[in-house]
Amino acid sequence: MTAPEITAATAEDRGRVITSLVAAFTEDPVLRFLFPDDATYPTHAGAFFGHLFDKRLPRGTIWTVGHGTSVAIWEPPGADGDRPDDDLADRLPADELRRVRAYDRAVHAALPAGPFWYLGVLGTHPDHAGRRWGHAVMRAGLERAAADGLPAVLETSNPDNVEVYRRAGWEVLHRFVEPVPTWVMRQGPRRP
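Report follows, based on the coordinates. As the structure is a computational prediction, the values presented were derived from the model and not from experiment.

This paragraph deals with the overall build of the protein chain. Of regular secondary structure, the protein chain possesses seven helices and seven strands. Along the chain direction, N to C, the helices and strands of the protein chain fall in the order β-α-α-α-β-β-α-α-β-α-β-α-β-β. Taking 2.2 N^0.38 as the reference for a compact globule, 192 residues should give roughly 16 Å; the C-alpha atoms of the protein chain span a radius of gyration of 16 Å, in line with that estimate. With respect to the three principal axes, the spread of C-alpha positions in the protein chain is 40 × 35 × 30 Å. Taking all 192 residues of the protein chain together, 47% fall into the buried category. Here the analysis covers contacts within the protein chain between residues at least 6 apart in sequence; of these, 70% occur between residues at least 24 apart. Accessible area of the protein chain: about 9,400 Å², with a carbon and sulfur share of 51%.

What follows is the structure in C-alpha cells.
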C-alpha cells in the first residue's frame, strides 16, 4: 500500500476539512451531546469544527490527507490560553454553547499537568474510512511531540476508539463520566 501524502492544512482546505469532520462525527457521543438535533447538527457541528480549524490553522498544526479528507487537529504545548469561543457565541444557540463550554471545562480539568501535544480532533470522511489515513495524520503530530520530547494526549468519548488507540500505542490515563463518559489517553515520553 502506498503511503498517503500528508500536508499541513491551508485556508483553502477549510471547507473540505469541515465537511469531512461533520460526516465523520455524525454518531459520535460528544458531538451528539453538543448538537443533538438532527436538523441543525450539520450547521452547528460545522461551526464548531470551523472554530477549531480557524484557531489551529495559524500554528500549522492541522495535518491532512487529501486536503481535508482525513484530518488531525493538534494543539501544541502552551496553546491552552487561546480558547476563546466568541465566534461560537454568534453561531450557536445558548444551550449548545453551554454544553460546549461544560465539555471543554471537563476535558481541561482531566488533562495532565505539564507540557504535551493535544490531539483535539481526528477524523476521516466516511467515504474514505478503512485506509488508515487517520493513523497517518495522527502520526504527523506524534512525530512533532516526540521531536519535542513531549507526550501526546487525546480524549475520546467513543468506547470503540479506546481499543483502536490502545493498539496504536496510547494508554488510558483517566476517565470521567460527566457530562459525557470520556477517556483521556496518552502516548509518548514520561515526564520525570
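In contact at an axis separation of 9 Å, helix H1 (residues 14-24) and helix H3 (residues 41-56) are set at 130° when each is read in the N-to-C sense. Compared by their axis directions, H1 and H3 come out oblique. Seen from above, H1 lies across H3 with right-handed handedness. Seen from H1, the contacting residues are Arg14, Val17, Ile18, Leu21 and Val22; seen from H3, they are Tyr41, Pro42, Ala45, Gly46, Phe49, Gly50, His51, Phe53 and Asp54. Residue classes in the contact of H1 with H3 are distributed as nine nonpolar, three polar and two charged.

This brings us to the pattern of salt bridges. For the structure shown, the criterion picks out five salt bridges. Among the salt bridges present, the one from Arg14 reaches Asp54, with a minimum N-O distance of 2.8 Å. Of the two residues, Arg14 sits in helix H1 while Asp54 sits in helix H3, which places them 40 residues apart along the sequence.

A ring pair, where both rings are aromatic, is described by two values, the distance of the centres and the angle of the planes. As enumerated under the stated definition, the model contains six aromatic pairs in all. On the numbers, 5.4 Å between centres and 45° between planes, the contact of Phe25 with Phe49 is tilted. Here Phe25, found in the loop between H1 and helix H2 (29-34), pairs with Phe49, found in helix H3; they are 24 residues apart in sequence, far enough to count as distant. The pair Phe25 / Phe49 is uniform in exposure class, with both members buried. The rings of Phe25, Phe35, Phe48 and Phe49 are connected pair by pair, giving a single aromatic cluster. Seen from the ring of Tyr41, Arg32 lies directly overhead, with NZ or CZ sitting 4.5 Å from the centre.

Here Pro76 lies in the loop between strand E3 (70-75) and helix H4 (86-89). Expressed as a C-alpha distance, the spacing of Pro76 and Ala145, which sit 69 residues apart in the sequence, is 8.4 Å. Filtering out sequence-adjacent residues up to four positions away, Pro76 remains in contact with Arg59, Thr61, Phe116 and Trp117.

To continue, consider the sheet that holds E3. Read from one edge of the open sheet, seven strands run E1-E2-E3-E4-E5-E7-E6, paired in mixed fashion. The open sheet has two edge strands with one neighbour each: strand E1 (6-8) and strand E6 (171-176). Sheet twist, expressed as the average angle between the axes of neighbouring strands with direction ignored, equals 25°. Strand direction decides the pairing type here: E3 and strand E4 (residues 117-124), joined by six bridges, are antiparallel. Bridging from a neighbouring strand, Glu75 pairs with Tyr118 of E4. On the sheet, H1 packs against strand E2 (62-65), E3 and E4 and is oriented at approximately 80° with respect to E4. Along the sheet, helix H7 (residues 159-167) contacts E4, strand E5 (152-156), E6 and strand E7 (182-187); its crossing angle with E7, the most-contacted strand, is approximately 10°.

Rules used throughout
- Residues numbered from 1 in each chain as written.
- Predicted model: local features only at pLDDT ≥ 70, side-chain atom pairs only at ≥ 80, totals over all residues.
- Heavy atoms only, no water.
- Helix = DSSP H or I, 4+ residues; strand = E, 2+ residues; numbered from the N terminus.
- Rg over C-alpha atoms; globule rule 2.2 N^0.38 Å.
- Buried < 20%, exposed > 50% of the residue type's maximum accessible area, 1.4 Å probe, protein only.
- Contact = heavy atoms within 4.5 Å.
- Areas by Shrake-Rupley, 256 points an atom, 1.4 Å probe, with all protein chains shown as cover.
- Axes fitted to C-alpha atoms, helices over the stretch in contact; angles between N-to-C directions.
- Parallel < 35°, antiparallel > 145°, perpendicular 65-115°, else oblique.
- Left-handed = near helix turned anticlockwise from the far one by under 90°.
- Nonpolar A, V, L, I, M, F, W, Y, C, P; charged D, E, K, R; others polar.
- Salt bridge = Lys/Arg side-chain N within 4 Å of Asp/Glu carboxyl O.
- Phe/Tyr/Trp six-rings, centres within 6.5 Å; stacked < 30°, edge-to-face > 60°.
- Lys NZ or Arg CZ within 6 Å of the ring centre and 35° of its normal.
- Pairing = 2+ DSSP bridges.

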